Each structure stands twice: as C-alpha cells, then as structure tokens.
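Observations on the three-dimensional arrangement
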Amino acid sequence: MIDDTKADRVEAALGRRPVSAHALSGGCIADIRRLDFATGDPVVAKMGGDLETEAYMLRYLAAHSALPVPEILYAEADFLILEYVATNGPLDAAAEAHAADLLAALHDITGDRFGHERDTLIGSLAQPNPWTRNWVDFFRDHRLLSMGRLALDSGRLSPAAFARLERLCARLGEWIPQPGAASLIHGDMWGGNVLVRDGRIATFVDPAIYHADPEIELAFSTLFSTFGRAFFDRYGEHRPLAPGFFEERRDIYNLYPLLVHTRLFGGGYAAAVERILARFVG
C-alpha cells in the first residue's frame with residue numbers, strides 16, 4: 001500500500017481513495033504503482049522525478065500522432081496518474097507486425113530539422129534537442145558526445161573509450177547519411193515499453209521523443225531483442241530500409257542507448273560500447 005500522504009494526493013486528484021497498491025516494473029524516474037479502488041477502474045500512479053517532462057511527451061504524442069499511449073488523468077511536476085492499460089500475452093509475430101504499422105505511421109510524421117521544440121528525457125537523463133539542420137551534427141553532438149561525456153564523468157566509461165568515441169564522431173559521416181526528413185520517434189523502444197493485449201499493441205509507454213533519423217529507433221528495437229523479422233518485414237512494406245542498416249548503421253546508432261545504459265548502470269554496457277568502437281575505429 002502507499003502511505004497516507006500519497007493516498008491523500010490521489011484522493012485529492014481523482015476523488016477516490018486507493019484501497020491497494022501493487023508495484024509495477026519499468027522506468028527509472030519514479031515509483032510506479034497500480035492503484036486499485038473500492039469501485040471503478042484501476043490507475044497507474046507515478047511519484048517522484050521529473051514527471052512534467054513525461055507528461056509533456058505523452059501529450060505531444062497523443063496530439064500529434066496516432067500512436068497509442070496512456071491517457072493522462074492527472075499531472076503535477078512530481079506526480080502523474082495514467083489510465084491503467086490491461087495486458088496479456090507475449091510480443092509475438094502478430095503484435096510485432098502491428099507495432100511495425102504503428103511505428104511506420106509515427107515515422108511518417110516528419111519535419112525539416114532534427115531535435116525538438118524542447119529538451120526531453122530518456123529515463124532519468126536529459127536529452128538536449130536543439131533544432132539542427134544536419135543529422136550527423138545532431139547525432140554526434142547531442143547524442144553520442146553529450147551522453148558519452150555524462151558516462152565519462154560518472155566514471156563508468158573510461159577516458160580511453162571516450163577518446164575512441166571522439167575519433168568515431170570525427171568520421172561519423174562515413175557511415176551515417178543525411179536522411180531525407182526528420183521523423184518523430186518514440187525514442188525508447190525496448191520491450192518493457194511495448195504493452196500487448198490479444199496479439200495487438202495496447203499502448204507504448206515511457207517515451208523519449210524527438211525528431212530523428214528513424215533508423216535510430218529501429219536500431220534500438222533490436223538492442224534487447226524487442227523486435228525481429230516479423231516487425232522488420234512489415235515495416236519494410238511501409239518504409240523500405242536502405243542497404244547497410246543491419247551491417248553497419250545499426251551498431252553505430254545503438255551506441256547511444258548503450259551509452260545511456262553505461263551512464264546509468266556501467267558494467268557490461270561499457271564493454272558493449274567498447275566492442276562497437278573497436279569495430280569501427282580500432
């Protein structure tokens with residue numbers, strides 16, 4: 001159960017007092033719980049951290065796309081109440097194909113600059129999003145080097161690895177082309193953020209939005225084996241992939257989420273960063 005102070009906040013927000021609470025997995029910003037009531041539907045409550053930014057990102061996706069995201073029932077800076085979305089079953093081939101339809105439609109929402117109208121978050125970490133015309137510049141400066149420095153300053157990425165990251169960044173244009181347009185992306189595409197019901201995607205949670213080369217989203221979706229062939233076959237029907245994605249660009253794009261995880265957790269994630277750097281810059 002949540003303590004009386006938190007229960008009071010829920011009651012003040014919704015006019016109902018929770019009778020039980022169950023911890024939910026996922027996220028590293030806030031305490032996340034499903035709250036049940038004597039009557040009515042359960043909700044998800046998040047408390048602590050920068051939840052204003054999460055609320056902004058969910059509202060942005062709801063207003064600017066058809067991507068299914070939870071409805072916000074109440075929001076304060078450190079307190080967020082969302083609809084509870086019931087789930088069942090695995091992320092199977094049918095659900096992957098549905099995810100491909102949804103994400104291809106999201107990626108069709110495009111503009112002529114990379115970044116976003118404001119900075120966002122990935123997990124608990126800041127994502128700087130200054131509007132930038134050139135994708136390689138944006139990805140180099142505001143994703144790889146920015147997160148690499150955070151990982152370095154935390155002591156979880158070695159100075160030698162950061163120096164190699166700088167060498168790769170100096171040559172980034174050899175592998176990463178300029179996309180035709182900047183696509184809106186969810187930004188944190190791993191299995192814990194993809195909820196399934198009856199073989200369909202019920203909702204996507206915990207976004208980290210900005211406008212990017214959509215390949216960075218596709219790469220992230222393979223990092224923890226979230227999506228496989230069923231997804232990519234269907235996605236390719238909507239938005240065919242250019243040659244070289246699986247062979248080279250996927251690993252380079254996955255340096256960003258690996259650096260995020262290095263900053264947060266260290267350990268094997270730093271080793272994974274070093275293996276990719278060794279492949280491209282020796």
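The shown structure was predicted, so the numbers you read here are calculated from the model rather than taken from an experiment.

**Things to note about unusual backbone geometry**
- Phi at Asp-198 is positive, roughly 55°, even though this residue is not glycine.
- In this structure, Asp-198 sits in the loop between strand E10 (194-197) and strand E11 (200-204).

**A look at helix H5 (residues 159-170)**
- An ideal rise of 1.5 Å per residue puts 16 Å on 12 residues; H5 measures up with 17 Å between its terminal C-alpha atoms.
- Regarding H5, the residues found buried are Ala-161, Phe-162, Arg-164, Leu-165, Leu-168 and Cys-169. Looking straight down H5, one finds its buried side chains confined to an arc of 160°; they lie on one side. Relative to its buried face, H5 has exposed residues pointing more than 90 degrees away, namely Pro-159, Ala-160 and Ala-170.
- Its buried side turned inward, H5 meets helix H4 (135-153), helix H8 (245-265) and helix H9 (268-281).

**Observations concerning the packing of H8 against H9**
- For the pair H8 and H9, interaxial distance at closest approach is 8 Å and the crossing angle is 150°. Compared by their axis directions, H8 and H9 come out roughly antiparallel. Where H8 crosses over H9, the two elements pack in a sense that is left-handed. Two secondary-structure elements touch here, H8 through Glu-247, Glu-248, Asp-251, Ile-252, Leu-255, Leu-258, Leu-259, His-261, Thr-262 and Phe-265 and H9 through Tyr-269, Ala-270, Ala-272, Val-273, Ile-276, Leu-277, Arg-279 and Phe-280.

**Details of the sheet that holds strand E9 (residues 182-185)**
- Strand order in this open sheet of three strands is E6-E9-E12, and the pairing throughout is antiparallel. What marks the edges here is a single partner per strand, and that holds for strand E6 (110-111) and strand E12 (210-212).
- As paired elements, E6 and E9 share two bridges and run antiparallel to each other. Pairing of Gly-111 across the sheet is with Ala-182, part of E9.
- Contacts from helix H3 (residues 93-107) reach E6 and E9 within the one sheet, and its direction differs from that of E9 by about 135°.

**Concerning the packing of H3 against helix H7 (residues 229-238)**
- Running from amino to carboxyl end, H3 crosses H7 at an angle of 35°, the nearest separation of the two axes being 8 Å. By crossing handedness, the relation of H3 to H7 is classed as right-handed. Contact residues: H3 offers Ala-93, Glu-96, Ala-97, Ala-99, Ala-100, Asp-101, Leu-103, Ala-104 and His-107, while H7 offers Arg-229, Ala-230, Phe-231, Arg-234, Tyr-235 and His-238.
- Here the contact of H3 with H7 is built from residues that sort into nine nonpolar, two polar and four charged.

**Focus on the packing of aromatic side chains**
- Throughout the structure, instances matching the rule amount to 17 aromatic pairs.
- Between the aromatic rings of Phe-224 and Tyr-269, the centroid separation amounts to 6.5 Å while the plane-to-plane angle is 85°, which identifies the pairing as edge-to-face. Note that Phe-224 is positioned in the loop between helix H6 (215-223) and H7 and Tyr-269 in helix H9, a separation of 45 residues in sequence.
- Each member of the aromatic cluster is reached from another via a ring pair, and the members are Phe-114, Trp-135, Phe-138, Phe-139, Tyr-210 and Tyr-253.
- Lying over the aromatic face of Tyr-56, Arg-118 brings its terminal NZ or CZ to 4.4 Å of the ring centre.
- In this arrangement the basic side chain of Arg-143 is found over the ring face of Tyr-210, its NZ or CZ atom lying 4.0 Å from the centre.

**Examining the pairing of E9**
- Across the two faces of E9 the burial is the same, with Ala-182 and Leu-184 and Ser-183 and Ile-185 all buried.
- Of the strand pairs in this sheet, E9 and E12 are connected by three bridges, and their pairing is antiparallel. Within E12, the residue paired with Ser-183 across the bridge is Ala-212.

**Quick word on H7**
- Regarding H7, the residues found buried are Phe-231, Phe-232 and Tyr-235. Each buried residue of H7 sits inside an arc of 90° when the element is viewed along its axis, so together they form one side. Projecting away from the buried face of H7 at angles above 90 degrees are the exposed residues Arg-229 and Glu-237.
- In this structure, the buried residues of H7 make contact with H3, H6 and H8.

**Overview of the pattern of salt bridges**
- In the structure shown here, the tally under the stated rule is 20 salt bridges.
- Where Arg-133 meets Asp-112, a salt bridge forms, and the shortest distance between an N and an O atom there is 3.0 Å. Of this pair, Arg-133 sits in the loop between strand E8 (125-127) and H4 while Asp-112 sits in the loop between E6 and strand E7 (120-122), and the two are 21 residues apart along the sequence.
- Here Arg-229 and Asp-233 are joined by a salt bridge, their closest N and O atoms 3.3 Å apart. Here Arg-229 pairs with Asp-233, and both are found in helix H7, just four residues apart, close to one helical turn.
- Its relative accessible area of 69% is what places Arg-229 among the exposed residues.
- Given a relative accessible area of 45%, Asp-233 falls into the partly exposed group.
- What emerges from the salt-bridge pattern is a single network uniting Asp-4, Asp-8, Glu-11 and Arg-17.

Conventions used here
Residues numbered from 1 in each chain as written. Predicted model: local features only at pLDDT ≥ 70, side-chain atom pairs only at ≥ 80, totals over all residues. Heavy atoms only, no water. Helix = DSSP H or I, 4+ residues; strand = E, 2+ residues; numbered from the N terminus. Expected span 1.5 Å × (residues − 1). Buried < 20%, exposed > 50% of the residue type's maximum accessible area, 1.4 Å probe, protein only. Arc of directions from axis to C-beta. Contact = heavy atoms within 4.5 Å. Axes fitted to C-alpha atoms, helices over the stretch in contact; angles between N-to-C directions. Parallel < 35°, antiparallel > 145°, perpendicular 65-115°, else oblique. Left-handed = near helix turned anticlockwise from the far one by under 90°. Pairing = 2+ DSSP bridges. Nonpolar A, V, L, I, M, F, W, Y, C, P; charged D, E, K, R; others polar. Phe/Tyr/Trp six-rings, centres within 6.5 Å; stacked < 30°, edge-to-face > 60°. Lys NZ or Arg CZ within 6 Å of the ring centre and 35° of its normal. Salt bridge = Lys/Arg side-chain N within 4 Å of Asp/Glu carboxyl O.

By themselves these figures say nothing about function.
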